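# Coordinate analysis (summary)
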Amino acid sequence: MIYILLGEGFEEVEAIAPVDVLRRCGAEVRTAGIGGLEVTGAHGITVRADCGVEDIDRAALDMIVIPGGLGGVASINGSRAALAAIENAWADGKYVAAICAGPTVLAGLHISDGRRVTSYPGTGSQMGTADYREDDVVVDGKLITSRGPGTALAFARKLAETVCGETTAKQVADGMLIK
């Protein structure tokens, strides 16, 4: 199961693109709302989450995804349940992925320490001891990071390759005209 965290002020394209691509690939994906099931993104789009962050099934979790958006990141940082879900996923050897300002959450939890990462331009100084890169998508073991809204589809494709395999991800990406 892949869980995508949704906090008030999340960056819509960074959350919905992975949901869409991963579901097209046949992955089981659930959005997890922080503070309720109705969550409004940074640009006024309200999404109904599949479950609350408190309902994340740790035993079923294969990957957790952190979208950006300053409000969404603040919501995640303010939620003990969200932070625990991220920490537990990492401790359990699961995939942890973040895009835009989302990787700063990982820095705060020391998950990205010493690892290759990327994030939104200008947030590199908030990445602590991470090995910061300016690539669109960076993979370091089970840590996957990306830059921002414009890289959301490349990020989603990399997530799909990771959990569904390169062949399936390529077929879906080609059908969607993702480069």
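Data block above holds the structure.
All of the points below concern the structure found in this document.

The rules behind each value
- Residues numbered from 1 in each chain as written.
- Predicted model: local features only at pLDDT ≥ 70, side-chain atom pairs only at ≥ 80, totals over all residues.
- Heavy atoms only, no water.
- Helix = DSSP H or I, 4+ residues; strand = E, 2+ residues; numbered from the N terminus.
- Expected span 1.5 Å × (residues − 1).
- Buried < 20%, exposed > 50% of the residue type's maximum accessible area, 1.4 Å probe, protein only.
- Arc of directions from axis to C-beta.
- Contact = heavy atoms within 4.5 Å.
- Phe/Tyr/Trp six-rings, centres within 6.5 Å; stacked < 30°, edge-to-face > 60°.
- Lys NZ or Arg CZ within 6 Å of the ring centre and 35° of its normal.
- Disulfide = S-S within 2.5 Å.

### Regarding helix α3 (residues 80-91)
With twelve residues, α3 should reach 16 Å at 1.5 Å per residue; the first-to-last C-alpha distance of 16 Å fits that figure. The set of residues buried in α3 consists of Ala82, Leu83, Ala85, Ile86 and Ala89. Viewed end-on, α3 has its buried residues packed into an arc of 155°, placing them on one side of the element. More than 90 degrees from the buried face of α3, the exposed residues found are Arg80 and Ala91. Where the residues of α3 are buried, they touch β1 (2-6), β6 (63-66), α2 (70-77), β7 (95-99) and α4 (103-108). Phi turns positive one or two residues past the end of α3, at glycine 93, with a value near 75°.

### With respect to helix α6 (residues 166-176)
Ala169, Val172 and Ala173 are the residues of α6 that are buried. Looking straight down α6, one finds its buried side chains confined to an arc of 100°; they lie on one side. For α6, the exposed residues set more than 90 degrees away from the buried face come down to Thr167, Gln171 and Gly175. Directly after α6, the chain includes leucine 177, whose backbone phi takes a positive value near 65°.

### Concerning the packing of aromatic side chains
Scanning all chains against the criterion turns up zero aromatic pairs. Residue placement shows lysine 142 over the ring face of tyrosine 95; its charged tip is 5.0 Å from the ring centre.

### What about the state of the cysteines?
A complete count under the given rule lists zero disulfides for this structure. No disulfide involves cysteine 164; its sulfur sits 4.7 Å from the nearest other cysteine sulfur, which is in cysteine 25.

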